[in-house]
Amino acid sequence: MNKGELVDAISGRASVTKKDIEAVLTATLEVIVDAVSSGDRVTLVGFGSFESRDRQAREGRNPKTGEVMTIPATKVPAFSAGKQFKEKVAPPKADAKGPAKKGKGK
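Presented here is a report on the structure given in the accompanying data block.

### Description of the packing of helix H1 (residues 3–13) against helix H2 (residues 18–37)
Two measures define how a pair of helices packs: the angle their axes make with one another and the distance between the axes. Where H1 meets H2, the axes come as close as 9 Å, and the angle between the chain directions of the two elements is 120°. Relative to H2, the element H1 lies oblique. When the axes of H1 and H2 are compared, the crossing they make is right-handed. Mapping the contact onto sequence places Lys3, Leu6, Val7, Asp8, Ile10 and Ser11 in H1 and Lys18, Ile21, Glu22, Leu25 and Thr26 in H2. Class assignment of the residues belonging to the contact of H1 with H2 gives a composition of 5 nonpolar, 2 polar and 4 charged.

### Digging into H2
With 20 residues, H2 should reach 28 Å at 1.5 Å per residue; the first-to-last C-alpha distance of 28 Å fits that figure. Of all the positions in H2, only Ile21, Leu25, Ile32, Ala35 and Val36 are classed as buried. Projected down its long axis, H2 shows its buried positions confined to an angular sector of 100°, all on one face. Relative to its buried face, H2 has exposed residues pointing more than 90 degrees away, namely Lys19, Val31, Val33, Asp34 and Ser37. Buried residues belonging to H2 abut H1, strand E1 (42–44) and strand E2 (48–55). Looking at the residues trailing H2, positive phi occurs at Gly39, about 100°.

Thresholds applied
Residues numbered from 1 in each chain as written. Predicted model: local features only at pLDDT ≥ 70, side-chain atom pairs only at ≥ 80, totals over all residues. Heavy atoms only, no water. Axes fitted to C-alpha atoms, helices over the stretch in contact; angles between N-to-C directions. Helix = DSSP H or I, 4+ residues; strand = E, 2+ residues; numbered from the N terminus. Parallel < 35°, antiparallel > 145°, perpendicular 65-115°, else oblique. Left-handed = near helix turned anticlockwise from the far one by under 90°. Contact = heavy atoms within 4.5 Å. Nonpolar A, V, L, I, M, F, W, Y, C, P; charged D, E, K, R; others polar. Expected span 1.5 Å × (residues − 1). Buried < 20%, exposed > 50% of the residue type's maximum accessible area, 1.4 Å probe, protein only. Arc of directions from axis to C-beta.

Here's what the structure looks like:
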């Protein structure tokens, strides 16, 4: 789903014009990017958190020559999904001690 499709989907659920939705969505994303780039963490309860993480320097290889090289340390944006989001994507499985599954044999 791209931004235009997201705007269309939101307009199907809310009684707001697509133009207004696009303006709010653009502003929301800009605020999140600005906050994370300045070192703040943005948490949307039930959805997830956006933050900046430090990636340590590490050793890598040039795929063309195989030469060993050092990849410098850097900051990267990160997203951690919230509990409700995770459960929606992958619902929790039943307890292992729950009812036995019916199958072949016994």
